[in-house]
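# Observations on chain architecture
Each chain, letter by letter, is given below.
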Amino acid sequence: MATPAPKNPVVVIGGGIAGITAAVEAAECGANVILLEKRAHLGGRVARMHKYFPKLCAPYCGLELNFRRIRENPAIAVHTRAEVAEIKGQYGDFTVKVRLQPQMVNANCTACGKCAEVCPVERQDHYNYGMGTTKAIYMPHPMAFPQRYNISQKACIGKECGKCVQVCEYGAINLDARETVLELKAHSIVVATGWDPYNGAKLQGLSFGVSPNVISNVMMERLASPEGPAKGKLVRPSDGKEVRDVVFAQCAGSRDENHLPYCSSVCCLASLKQAAYVREAAPDAKIFIYYIDIRTPGKYERFYRKIAAEPNVTLIKGKIAKAEHDPETGGVIITAEDVLAGKKITRKTDLLVIATGMQPAAQNGVGGLKADENGFFTNAALARGIYAAGTARLPQDVSSSIMDATAAALKAVYGGRP
Amino acid sequence: MTQVNAPRVYICTGCDIGASVDVDKLCKIPAEFGVPQAKRHPFLCGEEGLQYLRKEVAEGAGRILIAACSGRVYADRFDFGKDVMVERTALREALWVSTPNDPDTQLLAEDYLKMGIVKLQKSEKPEPYIHQLDDTILVVGGGITGMTAALAATDAGKRVRLVEKEAVLGGFVRKLKRRFPIDGTGNPVETNIVAMAEEVKNHPAVALHLSSEVVSISGQPGEFDVRIKTPEGEIAVRAGAIVQATGFRPYDISKLGHLGGGTVDNVITSARFEEIAASGRIRRPSDSKEPSSVAFIQCAGSRDEKHLPYCSSFCCMTSLKQARYIREQNPDAKVYIFYRDMRTPGKYELFYKQMQDDDGVFMTKGDVVSVAGVDGGVEIVVNNTLLGGTIRVKADMAVLAVGMESAAKNGGALHLAYRQGPELPELNYGFPDSHFVCFPYETRRTGIYAAGAVRHPMDAAQSETDAAGAALKAIQCITLAAAGKSAHPRSGDTSYPDIAFERCTQCKRCTEECPYGMYDEDAKGTPQPNPLRCRRCGTCMGACPQRIISFKNYSVDMFSAMIKAIGVPGEEENRPRVLILACENDSMPAFEMAAKLRLKLSPHIRVIGLRCLGSMNMVWLNDAFAKGLDGVLLFGCKFGDEYQCHNMKGSELASERLSKLEETLGRMSLEPERVRFVPIAIDDAYALPGIIGDFMKVIERVGPNPFKEFAD
């Protein structure tokens, strides 16, 4: 009666929400699954979000349930710091070559945190998009999974220091660890390599990277988070001053043939959500959202209406042409057009949030798999047995990515059509 | 005296546990419960510690209490096979939020150890409910979603029974001339729906019932009994799981009178326009003239509080596609598109760009005020356009891009013979969706999954994805059920509720409150459980005033005993005791996060994690106050419209139960302030010290529970 589970495991590339979903859904159908994540912890982009739209709930709620499903299911093996080097073979019998970065912190780690206390090296905190620092041995987030510290190889000064090794009571640190290579057999492969925020510095005239008070939408997520660099207080990065005026620039790079020709699908909702963060943290602050079209499909429309009706929230159809550092106030001066009013606007603001779009993280391919001209994987172009899911396939929101990953799990376990 | 198969207790002294409490004293606690003295180890989760535990297991330890870190940490390492029951006491996290080597901290650690021992003593191994199950997938609806789900299930080796009310397969997509391009480039593409319908029809694993409807569905996953009305008569069949793919209805044009809907001949819906285009040359209805100008009115009925408040998601792309049809038929024809926002997410933007580059297509944002019949054609009045002010545009005909209404809106698809109603519960706007965002298939009727436009406004491409996702969940549900395991959110749980029927008073609370409609009722109101529908949240156990519902490893008695195990110092000691019953999905991780952040919490709290706050039985509050505890906090998920409870309404039900609390407290002459429900999200760690601190002040104000001196 029961369809037999495939002999070889399903290999899932990418440990963000799409990859995690594909892995647990496949495993709960009886398949063995190997989940590969290039960073030291699972959760991908969503782990760095403060809240989800439209419920304004914490992403860790859903992640936590999924981590439990992973922890309690012996059919799922997780490799972190694992990068796919090569994919060979065919459906039912792929070989996936994986480079495992040195595992300098091993499974003995109890996450007690003594190592970080003694580590003398500070590094830029990439988890917080460069805002703030961590030690060279760090946990990006108190709830990170696996619960294990990670060492930044770039920052660590190595054995000549060795303070962490000395203080660790559990023999969890080995600074001599070397890269290893795994050759995995795979029945099928799910490509869930996710997205990177588009580099705001490429958007000429918006002063991203020039004025500290021009930040990207993903940085705004970290600013709003209590675990973030500002402990959740919404302040200007330049001087820690409370924000009184915030401007959002939609389609920062998206829908632009010089940058990303497609729509990134989530940025309108992300900015509306971030407007809600501002409303909560600084109820008197004025909020302006400059947009081309507000794209809140389906039931998200309700969220749009709710936020648009909030006091101090103004939506303006028009694009921000220029943003400059304001030497007088330390803020940002924006120049924009108001298309409906037919006029040019100049405004001084404390914080400009540019709603940078999604760029596929594996736009140059993964393990020899080729992406399309926009960097996405399309199932029709992939070999049988290889399925793309989530934002590796299309710009889409979390809920859609999860649907997509569930569909990919079905195909990966049972060998469906693309 | 040592009990047979008594718990063995192992205390880890690592992670500062040993440095924060008197472990020797802790080791003697088990003796109070007839359990051998606890053993200590410096590093239980390390290889040496695990080897030590494995040796203990080999020597007969069948019930193990690990007093170390939380059960969220290294569950896999402390798994010693299915015959060994393991309970974890989160000593480490409790100590991280407390002052080391303080007498109150010692009492706290002792209480957690006691509760852990009692919990393990009161726990039995669940015996999975294993039945021979049917694994046929019943698909209701034969449009693109239903057919995709059917073929996905057959690809997975399953048999499928597909019920379609029309005489042909294909649904809405069958009426299309073409589909818009999924990757946004090139022209609209063939639907291939006829070939797909042929494949379904001829598939050896598909039993197809056309011109048929589901009459009733009873039973449970793996054992659904389905009656279907077919042209040949009514049949009774079995199914294992169900995909509801009954699609949508285009919004009724006659409700859009101000846009000429139903009154002006040359005003038609986009659905009608598509049919006309699919049947040959595009001609307008009034005089069969091929139009040289066509106006599209977007959001006709959508994004409108008076009609459909939501966005229907597919109308912008549909109008752009139909604009292309017109431009292909007549390169001189003009197309006007009046929109509020053009919504072409993702790669659809590329198709929008193509159409923007077409000189014959004029698009403007604006609010369409009216569409009227003028000179045989139509005149459209639009306010607030980008061209400035009001404009009037004449065209040969107008197409209203009407939105979608869920076919589930008026019911009639599944006819479930369930106590809680005949259809999937709706989330909002008539769409039978479930936990939105993280778990799109977290259905409230186990084994039944809605997919496609019936569930959420979505286009054909997304419906195909959704169909495959729902097919997976349907197959997975049967796979799990066949192994006696629960589906999400407690996937893998093999426990299920036992009911002591002889003491049932037919109060119906369990049958009303189960979030998954697990219980049916007989004529007298006695609950009729369907264990394979159960998701093990324990809401029925919490609801039952007779306390006759329990799980082998999760029972009313277990928690009563744990509460009674809490040490209550005498009034003169000025050490209040507050019990916190907390949801283990969100509130417990919030506590752990507080521990990781080394936030300090009152040492007077005792926290017990529950599967869901919905499983909270009111008798525990009685137990707590009778024991002399001073207050009770209930931590559950936020409820209401934007609920976060993974069992939909567990925390809501628990807080409703509190309304009956005053009676209990009144009987005991206790102040109502002694009990408080607080919604807690997983990221509320930073708020915990304040929430708990505030409550401790309330307890200080109302004073000690006078029952302290009577408690044993």
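It should be emphasised that the depicted structure is a prediction, and the values quoted were computed from it without experimental measurement.

### Quick word on the sheet that holds strand 28 (residues 605–610) of chain B
All names here are of chain B. Reading across from one edge, 28-27-29-30 is the order of the 4 strands in this open sheet, with parallel pairing throughout. Sheet topology places strand 28 and strand 30 (675–679) at the edges, where each strand pairs with a single neighbour. Averaged over all pairs of adjacent strands, the angle between their axes in this sheet comes to 20 degrees, without regard to strand direction. Helix 17 (residues 619–627) rests against strand 27 (578–583), strand 28, strand 29 (631–636) and strand 30 of the sheet, and its axis sits at about 150 degrees to strand 29.

### Description of helix 11 (residues 348–356) of chain B
Those residues of helix 11 of chain B that sit buried are Tyr 348, Glu 349, Leu 350, Phe 351, Tyr 352 and Met 355 of chain B. Residues of helix 11 of chain B that are buried sit in contact with helix 10 (315–329), strand 15 (334–339), strand 16 (361–365) and helix 12 (460–482) of chain B.

### Section: the domain arrangement of chain B
Residues and elements named next belong to chain B. You can read the domains of chain B as domain 1 (1–121), domain 2 (137–249 + 407–482), domain 3 (252–402) and domain 4 (555–712). Domain 1 and domain 4 are separated by 24 Å when their C-alpha centres are compared. The interface of domain 1 with domain 4 comprises 18 residues on the first partner and 23 residues on the second. Taken together, both faces of the contact between domain 1 and domain 4 bury some 2000 Å²; the carbon and sulfur share is 61%. For the domain 1 face of the interface with domain 4, the top three residues by lost area are Trp 96, Val 97 and Met 115, together amounting to 32%. Of the charged contacts in the structure, one is a salt bridge between Glu 592 and Arg 72, with a shortest N-O distance of 2.6 Å. Secondary-structure elements contributing two or more residues to the side of domain 1 that touches domain 4 are helix 4 (91–96) and helix 5 (103–121). The leading source of residues in the side of domain 1 that touches domain 4 is helix 5, at 10 residues.

### Some remarks on the packing of helix 6 (residues 267–281) of chain A against helix 7 (residues 300–308) of chain A
Residue and element names in this part refer to chain A. Two elements in contact, helix 6 and helix 7, have axes separated by 10 Å at closest approach and are oriented at 40 degrees. By the angle between their directions, the pair helix 6 and helix 7 is classed as oblique. Handedness of the crossing formed by helix 6 with helix 7: left-handed. On helix 7, the residues that touch Leu 269, Leu 272, Lys 273, Ala 275 and Ala 276 of helix 6 are Tyr 300, Phe 303, Tyr 304 and Ile 307. For the contact of helix 6 with helix 7, the residue count by class is 8 nonpolar, no polar and 1 charged.

### Describing the packing of aromatic side chains
Per the stated rule, a full pass over the model turns up 21 aromatic pairs over all chains. Where Tyr 170 of chain A meets Phe 43 of chain B, the ring centres are 4.5 Å apart and the plane angle is 50 degrees; that geometry is what we call tilted. Linking Tyr 170 of chain A in the loop between helix 4 (163–167) and strand 10 (180–186) with Phe 43 of chain B in the loop between strand 2 (39–41) and helix 3 (47–58), this pair reaches from one chain into another. Judged by its relative accessible area of 7%, Tyr 170 of chain A is buried. Taking 5.7 Å as the distance between ring centres and 40 degrees as the angle between the ring planes, the aromatic pair formed by Phe 639 of chain B and Phe 677 of chain B counts as tilted. Taken as a pair, Phe 639 of chain B in the loop between strand 29 and helix 18 (650–657) and Phe 677 of chain B in strand 30 lie far apart in primary sequence, 38 residues in all. A connected cluster of aromatic rings, assembled from ring pairs, spans Phe 551, Tyr 554, Phe 559 and Trp 620 of chain B.

Cut-offs applied
- Residues numbered from 1 in each chain as written.
- Chains lettered and ligands numbered in written order.
- Predicted model: local features only at pLDDT ≥ 70, side-chain atom pairs only at ≥ 80, totals over all residues.
- Heavy atoms only, no water.
- Pairing = 2+ DSSP bridges.
- Helix = DSSP H or I, 4+ residues; strand = E, 2+ residues; numbered from the N terminus.
- Axes fitted to C-alpha atoms, helices over the stretch in contact; angles between N-to-C directions.
- Contact = heavy atoms within 4.5 Å.
- Buried < 20%, exposed > 50% of the residue type's maximum accessible area, 1.4 Å probe, protein only.
- Domains from an automatic or database assignment.
- Buried area = accessible area lost by both parts, 1.4 Å probe.
- Salt bridge = Lys/Arg side-chain N within 4 Å of Asp/Glu carboxyl O.
- Parallel < 35°, antiparallel > 145°, perpendicular 65-115°, else oblique.
- Left-handed = near helix turned anticlockwise from the far one by under 90°.
- Nonpolar A, V, L, I, M, F, W, Y, C, P; charged D, E, K, R; others polar.
- Phe/Tyr/Trp six-rings, centres within 6.5 Å; stacked < 30°, edge-to-face > 60°.

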